[in-house]
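Coordinate analysis (summary)
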Amino acid sequence: MHMDPASPHPTPAQTVDEAVRRIRAHGERVTVARTAVLRVLADPSAPGYLTADGIFAEVNRAAPGVHRTTIYRALDALERLGLVVQTRMGQDAAAYRLAGELTGEDETFVHVRCNVCGTVTRAAGDLLDDAAKRLADDSGFRLDPMGVALTGVCANCATTPASRRAAP
Ligand SMILES: [Zn+2]
């Protein structure tokens, strides 16, 4: 993707425009639902990781009347086109975000998810390099940790007495 080297992070509007351009380049239709999903995911005030239900709620606020299944299908299409990336957050619903090549963000990170409060944060992408190398050396297995979240307890929850925590 061509980007001005002076501005590696495009604005949300530029990101949506670029995604729309790519949808057309694939010979696919640019629908209201697809554009709405892109806008929600490109919104800098969005939490960064949204479930399909969360995306539907946001779209519904901006453009009431769009059917839930239409949004789900739009998400599937955008994922198929490589514009949206899905991350499985443990047993919970998958979370979606825009592909790094659209946002100009480095994609080499590992997600860590707190079992207590559910917060998802990013850890350095090389966190598991040693483990991946050992696994490859030992068994030839190629680890791909980018699409999942590692689980544990975040610093905040680890220091909060259990009695004051919300039930998990
Ligand atoms: Zn926590």
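The structure reproduced in this document is the subject of the present report. Bear in mind the structure is a predicted one, so any value in this text is a computation, not a measurement.

Points about the pattern of salt bridges
- Under the defined criterion, the tally for this structure stands at seven salt bridges.
- Ionic pairing is found between Glu-28 and Arg-34, a salt bridge with its closest N-O pair at 3.2 Å.
- For Arg-34, a relative accessible area of 11% gives the class buried.
- A salt bridge links Arg-68 to Asp-53; its shortest N-O distance comes to 2.8 Å. You can see Arg-68 sitting in helix H4 (residues 68-80) and its partner Asp-53 sitting in helix H3 (residues 52-62), a full 15 residues away along the chain.

Concerning the environment of Val-32
- Following the sequence through the fold, Val-32 ends up in helix H2 (residues 32-42).
- Measuring from C-alpha to C-alpha, the distance between Val-32 and Thr-70 comes to 9.7 Å, with 38 residues separating the pair along the chain.

Considerations on the coordination of the zinc ion
- Protein-derived ligands of the zinc ion are Cys-114 (SG), Cys-117 (SG), Cys-154 (SG) and Cys-157 (SG), with the metal-ligand distances lying across 2.2 to 2.3 Å.
- One way to put it: the four donor atoms around the zinc ion meet at angles of 105 to 115°, and that makes the site tetrahedral.
- Spacing between the donor residues of the zinc ion along the chain follows C-x2-C-x36-C-x2-C. One end of the pair, Cys-114, is in strand E4 (residues 109-114); the other, Cys-154, is in the loop between strand E6 (149-152) and helix H7 (155-158), and 40 residues separate them in sequence.
- With relative accessibility at 23%, the residue Cys-154 sits in the partly exposed group.

Digging into the nonpolar core
- Judged by nonpolar contacts, the single largest core of 27 residues is most densely connected at Val-37, Leu-38, Ile-55, Val-59 and Ile-71.
- Elements represented by at least two residues in this core include exactly helix H1 (12-25), H2, H3, H4 and strand E3 (95-98).
- Tallying contributions element by element places H2 first for this core, with seven residues.
- If near-sequence neighbours (up to four positions away) are discounted, Val-37 is found in contact with Ile-55, Val-59, Ile-71, Ala-74, Leu-75 and Leu-78.

What counts, and where the lines are drawn
Residues numbered from 1 in each chain as written. Predicted model: local features only at pLDDT ≥ 70, side-chain atom pairs only at ≥ 80, totals over all residues. Heavy atoms only, no water. Salt bridge = Lys/Arg side-chain N within 4 Å of Asp/Glu carboxyl O. Buried < 20%, exposed > 50% of the residue type's maximum accessible area, 1.4 Å probe, protein only. Helix = DSSP H or I, 4+ residues; strand = E, 2+ residues; numbered from the N terminus. Donors = N, O, S within 2.8 Å, 3.2 Å for Na, K, Ca; no water. Tetrahedral: all angles 85-135°; square planar, octahedral: opposite > 155°, others 65-115°. Core = buried A, V, L, I, M, F, W, Y, C linked by side-chain atoms within 4.5 Å. Contact = heavy atoms within 4.5 Å.

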